[in-house]
Amino acid sequence: MAALTDTKLRALKPRPALYRVSDTAGLCIEVRPTGLKAWRLRYRHAGKAKMLSLGVYPSMSLQEARKERDRQRDLLAKGIDPSQARQQSRAQALIAAEDSFEAVAREWMAKQAKWSESTRTKALWLFETYAFPWIGKRPVRSLTAPEMLVLLRRPESLGKLETAQRLKQRSGQVFRYAIGTGRGERDPTADLKGALTTAKVRHHASVTDKPGVGELMRAIDSFAGHFVTRCALLLSALTFVRPGELRKWERKEIAEDGAEWRIPSEKMKARVTHIVPLSRQAQAILDELRPVTGRGRYVFPSLRGPSRTMSENTFNAALRRMGYGNDQMTAHGFRSMASTLINEDGFDGDWIERQLAHCEKDGVRAAYNYAQYLPERRKMMQAWADTLDRLRRGADVIDITRPVDRGLR
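Cut-offs applied
- Each chain carries its own residue numbering, running from 1 in the direction its sequence is written.
- The predicted origin of the model limits local features to residues at a pLDDT of at least 70 and limits the giving and counting of side-chain atom pairs to 80 or more, whereas totals for whole chains, interfaces and linings rest on all residues.
- Calculated side-chain values reflect all of the structure's heavy atoms, with hydrogen atoms and water omitted.
- Only the stretch in contact is used when a helix axis is fitted, and all axes are lines through C-alpha atoms; the angle between N-to-C directions ranges over 0 to 180 degrees.
- Secondary structure elements follow DSSP: runs of H or I of four or more residues count as helices, runs of E of two or more count as strands, with numbering from the N terminus.
- Our angle categories are set so that under 35 degrees counts as roughly parallel, over 145 as roughly antiparallel, 65 to 115 as roughly perpendicular, and the remainder as oblique.
- Should any heavy atoms of two residues lie within 4.5 Å, those residues are considered in contact.
- Here the nonpolar group is Ala, Val, Leu, Ile, Met, Phe, Trp, Tyr, Cys and Pro; Asp, Glu, Lys and Arg are the charged ones; every other residue, Gly included, is treated as polar.
- Only when DSSP finds a minimum of two bridges between them are two strands counted as paired.
- Two rings belonging to Phe, Tyr or Trp (six-membered ring only in the last case) form a pair when the distance between their centres is within 6.5 Å. Interplanar angles under 30 degrees mark stacking, angles over 60 mark edge-to-face geometry, and anything in between is tilted.
- Residue exposure (1.4 Å probe, protein chains only): buried if accessible area is under 20% of the type maximum, exposed if over 50%, otherwise partly exposed.
- Here, over-ring charges are defined by two tests on the NZ atom of lysine or the CZ atom of arginine: distance to the ring centre within 6 Å, and angle to the ring normal within 35 degrees.
- A helix's residues, less one, multiplied by 1.5 Å, set its expected span.

Student: For the packing of helix α9 (residues 210-221) against helix α17 (residues 374-392), give the residues involved together with the corresponding values.
Tutor: Remark: α9 packs on α17, axes separated minimally by 8 Å, with the N-to-C direction vectors making an angle of 85 degrees. The orientation of α9 with respect to α17, classified from their angle, is roughly perpendicular. From α9, Lys 210, Val 213, Gly 214, Met 217, Arg 218 and Asp 221 reach across to α17, where they touch Leu 388, Leu 391 and Arg 392. Split into classes, the residues belonging to the contact of α9 with α17 amount to four nonpolar, one polar and four charged.

Below, the structure written as C-alpha cells:
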C-alpha cells in the first residue's frame, strides 16, 4: 500500500471493529470504533513480533510520527528493544518523582505523628507557598546551597525574615530525612549559616507593672462581652497556660476534687504532661461556668457549637475591645505578666519555669519530672491568685509570706 498522507488520514472512518492502515517501515495508523486514531510501530526484536504505541493523530502529525518511528528504529539498530527502553524510562521518571523535594517533604510531614493540626497546616502552607513552586519537582539530592539561598531570599526580600528562617529550618529537616531514607546525600541548608538576615526577637506584649495589672483585672471584671469569654480571660490570668492550651481545655482533664488540671502530653508544646494547680479563685470561676458550658466536652466551647473550641482570635479580640492595643497586651502576654510578678515576689525560679511548662531539652527526663515541685507550685499558684485579688483592689504592696503561712494546698 502507498504511504499515508494527511488527506488519507483525515478520510479514515471508524468501523465496528478496530483496523490498521500501514505507512512505511513498520509505521501504521490504528483506527478504533470510537474514532480514535493512534500511531503504532510494528517491529521484531530477538525473533519476536512486537508493537509500540507512539501517539495519537492529529496531536502527533504524520511527520512527527515518522520521526518518532525513525528514533525507535535507531534503538533497534543498536540491539535495544524500544518497549523495554520505554519501561525503563518510565521507571526512572517514577523514581525521580518519588525522590523529588515535594514528594520527600510530604512523606516527611506525614510521619510527624506528634504534630498538632495547626503545626501541620503551617508547615504545608510554608512549603506550598515558598518551596514547591520552584523546587518541588527537583530531585532532592540535586539541590545545592546556592539554589536554596535563592529560594530563601524570596520571603526575605519581602521583609518576612521569620518566614525565611522557618523555611530554612523545615527544608533542613526534609533534607536530613532524605539522607536517612537513602534519597539524599547532604543537607545544603547547613552551608547557609549566617547567610540570612536574623529577625529581631519579638516578645509578646504584656502588662507587667503592678498598678497596670490591677487595672487589667478590673477591666476584665467589667468586660461587657460574652460571659464565657470573660471567664476565659480570668482563667488565663490565673493559670497562665498558653492560649491554645486554655482553648482546648476539656472538663475530663479536671481532677475530681477540682483542685488540679492535668493537660495530656499530646496537647503540650513540649509533648510532656503538664499539671496546673487550680486556686480557689480558679475553682470558683469554673463553678460559675459549669451551668453554662458544663454539659459539653470543652470548658470553653465555640459559640458555633459545643463540639468545637473557642476561636483562637477570641482572647485578643476581647483585649482590643477593652482598649488594650497589640503593643500593650496579648493573649500570650498573661504568661509574661505572671512570670514577671511572681519572680519579683521572690518565688523559686525553678518552680516558675516548671509551671510555665518550660521543660528540659531532655524529653525523657522532662516526661518523668512533670510533677516536680508540685506541692510548692500549689502554694505558689494560690499566692498568685491572691496577688491578683489584691492588685484588683488597688494594693500594690504584697506580703508573699502570708499565703504560705495559711497552709494553702
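Student: Give a description of the sheet that holds strand β4 (residues 48-57) that names residues and reports values.
Tutor: Spatial ordering of the open sheet is given by β1-β2-β3-β4, a layout of four strands whose pairing is antiparallel. Looking at the sheet topology across the chains shown, the edges are occupied by β1 (19-22) and β4. Taken pair by pair, the neighbouring strands of this sheet meet at an average axis angle of 30 degrees, ignoring direction. Across four bridges, the pairing between β1 and strand β2 (residues 27-31) is antiparallel. Looking at β2, one finds that Val 21 is bridged to Ile 29. Packing of helix α2 (residues 62-77) onto the sheet brings it into contact with β2, β3 (37-45) and β4, and relative to β3 it is tilted by some 20 degrees.

Student: So, the packing of aromatic side chains: which residues are in play, and what are the values?
Tutor: Applying the stated rule across the entire model yields eleven aromatic pairs. Judged by centre distance (5.2 Å) and plane angle (90 degrees), the ring pair of Trp 108 and Trp 115 falls under edge-to-face. For the pair Trp 108 and Trp 115, one class covers both residues: buried. Measuring from ring centre to ring centre gives 6.5 Å for Phe 240 and Trp 384, while their planes differ by 80 degrees; the resulting arrangement is edge-to-face. Taken as a pair, Phe 240 in the loop between α10 (227-239) and α11 (243-247) and Trp 384 in helix α17 lie far apart in primary sequence, 144 residues in all. Both residues of the pair, Phe 240 and Trp 384, belong to the buried class. Cluster of aromatic residues (ring-pair linked, three or more members): Phe 101, Phe 127, Phe 132 and Phe 175. Between Arg 15 and the ring centre of Tyr 19, over which it is positioned, the NZ or CZ distance is 3.8 Å.

Student: Residue-level account of α17, with values.
Tutor: Between its terminal C-alpha atoms α17 stretches 27 Å, which fits the 27 Å expected from 19 residues at 1.5 Å a residue. After α17 finishes, the residue Gly 394 shows a positive phi value of roughly 100 degrees.

Honestly, it's all geometry; don't read function into it.
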